[in-house]
Amino acid sequence: MNYLYTAYVVTWVVHIVYLFYLSRRAARLREEARDLERK
Amino acid sequence: MKPTYVIASLVTFALLSYGLYQGLVVAPTEATMGDVQRIFYYHLPSAWVAFTLFFLNFVGSLLFLVVKKDAADKFAAGVFAVLGVIGLGISIFGRSYTEFASSIGGTLLMCAIAYLVIRHFFHSQPQADAFAASTAEVGVVFCTVVLLTGPLWARPVWGIWWTWDARLTSTLVLWLIYVSYLILRKFATGGQTPTLAAALSIFGFADVPIVYLSIRYFRTQHPQPVINGGEGSGIDSHMWAAVLWNLLAFTVFAIMLVTTRYKLAQAERRIEEAFATRDLEDDSHLISRSTR
Amino acid sequence: MSATAARAVAREPGLLAVTRASLAKDLRMEWRSKDAINSMLFFSLLVVVIFSFAFEPTAEESRRIAGGLIWVAFLFATVVALNQTWARELRNQVLDAYRTSPAPPAALFISKAVGNFLFVCVLEAVMTPLFIIFYNLRSIGPVYELVIVALLATWALVVNGTFFGALSIRTRNREIMLPLILFPISIPALIAMVDATTQIFTGESSPRFWMQLLAVYDLVFTLVSLSLFESVLNAE
């Protein structure tokens, strides 16, 4: 039973980490775009 | 954010929740393995998504390499169209002979359709490259899930975390190949990155059947660990529903992730180009040489 | 117009001529400097000595593990040599010159691959007696099979290694990049060469399947390398 929950949690941890990484990249990109407009 | 994107995200979330509900609540508990078998509802869809994405990465890489030259592009499209027709023929007429022939035909047809569809939507080098990069990255994420959930299922059922059996080892090797692909993308410099990455992807794809063959033979040479109670034994219709719902949910989720990653890659490229043109304009003020 | 075109065609160097010239140049450079061979030899000697400290096997055991030891040592030594092949061409913009010349790109690849193949073969010819002495090896299976396996396996390592060397030379972390991309792809070849060698040493079963697999691997990746090398050489 514990193995089951661990597996499901692990799956979502991996996906959430990846989503977090994507959002970080998008945020950095937005900042760069703002930089570009300012100059 | 566009409203369609928000709606698609909500639909994906709903599907994933429903898949979770199907897997944890609706599906009956398996007789021999107990609740641990429910890991299967996440394991199988992840594997399907990962392998499909790796295949699409190969298609994108191939497209990237041929799309530069018009003749090569047309030639490749023609070859795939012919292969598709042959595949269709084999799967229709070969069915009566062997199961194997029809599965080969189906695979050929699928490859041809995949190539032509992707060629239609990503018909330029930057697009094909961004597509290849996105599928590889998301594929590695899903493959990681497969490699983590697999041992968590194996431990209570087989009594061991890992066995060097054909399927597990092939998946691990595939994961290694695509991680090396991502590393190459990260460390390659400048505009040559896409070409180098595409070449490595073709190598990786050519390697897959050889990997599978070698590990299969390698393993049959040695004593197998005791494996019993496969999923095949008396699978309930509710179990099938859980499998299919999760398959759908994970496929949609993967499409969302790839789309997001693809858009990110496109935006990154646009900004890079904007910086480059700006720098160029700045330079032209300072240096008034005719070479510019 | 047609006269100049005809002359251009006539002057365009053939695949074989360029391959031979480039290979001769590489061999001559190696003969004079002995850079690659010396570093490979010393490297694999170190591996042999370190392994024998780490395992200390009996004659029976060593027959079982020797295949793995030998090929791991040769694999690492090959990477040492491969890292130098392209770096040498980068120094005076030789690669750029090659790119602008009408010489066929495949010739460059073939000459590099064959050159590396010869270096690694020399290495193996020197190191194998040492292995036999240090590990008290005596093959039960026929020795000529070992030679065939060695030739097939060496080409398997070298053809991919040469190609990936051309990839990794363009990255920021050159030296470390080559093994990172070469090893995952080489896993099936490595399984094949290690298992074939072990089976010949122990004489337990036929290495035929592994030899066939190595031959297929060689063929597939030679074709893939040849068809992709031009794109990689011209990538910018």
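Refer to the structure printed above.
Reading the values: rules and limits
- Residues numbered from 1 in each chain as written.
- Chains lettered and ligands numbered in written order.
- Predicted model: local features only at pLDDT ≥ 70, side-chain atom pairs only at ≥ 80, totals over all residues.
- Helix = DSSP H or I, 4+ residues; strand = E, 2+ residues; numbered from the N terminus.
- Buried ≥ 20, exposed ≤ 12 C-beta atoms within 10 Å, placed from the backbone.
- Contact = placed C-beta atoms within 7 Å.
- Nonpolar A, V, L, I, M, F, W, Y, C, P; charged D, E, K, R; others polar.
- Expected span 1.5 Å × (residues − 1).
- Arc of directions from axis to C-beta.
- Core = buried A, V, L, I, M, F, W, Y, C linked by C-beta atoms within 7 Å.
- Axes fitted to C-alpha atoms, helices over the stretch in contact; angles between N-to-C directions.
- Parallel < 35°, antiparallel > 145°, perpendicular 65-115°, else oblique.
- Left-handed = near helix turned anticlockwise from the far one by under 90°.

Chemist: What am I meant to see in the overall build of chain A here?
Modeler: When its secondary structure is counted, chain A shows one helix and zero strands. Among the 39 residues that make up chain A, the fraction classed as buried is 10%.

Chemist: I would appreciate a short explanation of the overall build of chain B in the present structure.
Modeler: Along the backbone of chain B there are eight helices and zero strands. Shown N-terminal to C-terminal, the secondary structure of chain B runs as helices and strands in the order α-α-α-α-α-α-α-α. Counting only residues that meet the buried cut, chain B has 37% of its 292 residues in that class. In chain B, once contacts between residues fewer than 6 apart in sequence are set aside, the share between residues at least 24 apart is 78%.

Chemist: What is the right way to look at the arrangement of the chains in this model?
Modeler: Counting contacts across all two pairs of chains that touch, the top-ranked interface belongs to chains B and C. When C-alpha atoms are compared, chain A and chain C, though not in contact, are closest at a spacing of 22 Å.

Chemist: What is the right way to look at the interface of chain C and chain B in this model?
Modeler: Many authors give the size of an interface as the accessible area that is lost as the parts come together. Contact residues are listed per partner, giving 27 residues for chain C and 28 residues for chain B. Elements with a contribution of two residues or more to the side of chain C that touches chain B: helix 8 (174-202) and helix 9 (208-234) of chain C. Residues that form the side of chain C that touches chain B fall into these classes: 20 nonpolar, three polar and four charged.

Chemist: For this particular structure, what's the right way to read helix 2 (residues 15-33) of chain C?
Modeler: Along an α-helix, residues three or four apart share an orientation, since each turn contains 3.6 residues. Residue and element names in this part refer to chain C. With 19 residues, helix 2 extends 27 Å from end C-alpha to end C-alpha; this agrees with the ideal 27 Å at 1.5 Å per step. Looking at helix 2, one finds that the buried residues are Val18, Thr19, Ser22, Asp26 and Glu30. Buried residues of helix 2, viewed axially, fall in a sector of 100°; they line one side. In helix 2, the exposed positions angled more than 90 degrees off the buried face are occupied by Leu16, Ala17, Ala24, Arg28, Trp31 and Arg32. Packing partners of the buried residues in helix 2 comprise helix 3 (35-55) and helix 6 (105-135). Directly beyond the C-terminal end of helix 2, a positive phi value near 55° is found at Lys34.

Chemist: Is there a simple way to think about the environment of B:Val157 in this case?
Modeler: Residues and elements named next belong to chain B. Of note, Val157 is situated in helix 5 (residues 125-158). Given 19 C-beta atoms within 10 Å, Val157 falls into the partly exposed group. With 50 residues separating them in the primary sequence, Val157 and Thr107 have C-alpha atoms 33 Å apart.

Chemist: I tried to follow the nonpolar core on my own but got confused; where do I start?
Modeler: Nonpolar side chains in soluble globular proteins tend to be buried together. Counting residues in each nonpolar core, the largest one holds 141 residues, and the members touching the most others are B:Phe142, C:Ala153, C:Leu167 and C:Leu214. It is helix 2 (residues 40-67) of chain B that contributes the most residues to this core, 17 residues altogether. Discounting chain neighbours no more than four positions away, the residues touching B:Phe142 are B:Ser46, B:Val49, B:Ala50, B:Leu53 and B:Ala254.

Chemist: Would you mind showing me how to read helix 5 of chain B here?
Modeler: All names here are of chain B. With 34 residues, helix 5 should cover 50 Å at 1.5 Å per step; its first-to-last C-alpha distance of 47 Å lies within 8% of that length. Among the 34 residues that make up helix 5, 25 are buried, leaving the element largely enclosed by the rest of the structure. Phi turns positive one or two residues past the end of helix 5, at Gly159, with a value near 90°.

Chemist: Help me understand the packing of helix 2 of chain B against helix 4 (residues 99-121) of chain B, please; the structure alone is not making it clear to me.
Modeler: All names here are of chain B. At a minimum axis separation of 10 Å, helix 2 and helix 4 run at an interaxial angle of 55°. Comparing their axes, helix 4 and helix 2 come out oblique. Pair helix 2 / helix 4 crosses with right-handed handedness. Contact with helix 2, carried on its side by Leu56, Val59, Gly60 and Leu63, involves Ala114, Tyr115, Ile118 and Arg119 of helix 4 and no other residues of that element. Here the residues of the contact of helix 2 with helix 4 sort into six nonpolar, one polar and one charged.

Chemist: Explain the environment of C:Asp195 here, please?
Modeler: Here C:Asp195 shows up in helix 8. The buried category is assigned to C:Asp195, around which 23 C-beta atoms lie within 10 Å. Not counting the four nearest positions on each side in its chain, C:Asp195 is found in contact with B:Phe218 and C:Trp210.

Chemist: Whenever I open this one, the environment of C:Ile181 confuses me. Can you help?
Modeler: In this structure, C:Ile181 sits in helix 8. Classification of C:Ile181 by C-beta neighbours within 10 Å gives buried; the count is 27. Residues C:Ile181 and C:Leu167 lie 14 residues apart in sequence; the distance between their C-alpha atoms is 9.2 Å. Dropping the residues within four chain positions of it, C:Ile181 is found in contact with B:Ser180, B:Leu184, B:Leu200, C:Phe164, C:Leu167 and C:Ser168.

Chemist: Even after reading the chapter, I still don't get the packing of helix 2 of chain B against helix 5 of chain B, so can you show me in this structure?
Modeler: Axes are the key here: two packed helices are described by the angle between their axes and the distance separating the axes. Residue and element names in this part refer to chain B. In contact at an axis separation of 7 Å, helix 2 and helix 5 are set at 155° when each is read in the N-to-C sense. Relative to helix 5, helix 2 is oriented roughly antiparallel. Considering how the two elements wind past one another, helix 2 and helix 5 form a crossing that is left-handed. Grouping the amino acids of the contact of helix 2 with helix 5 by side-chain chemistry returns 20 nonpolar, 10 polar and one charged.

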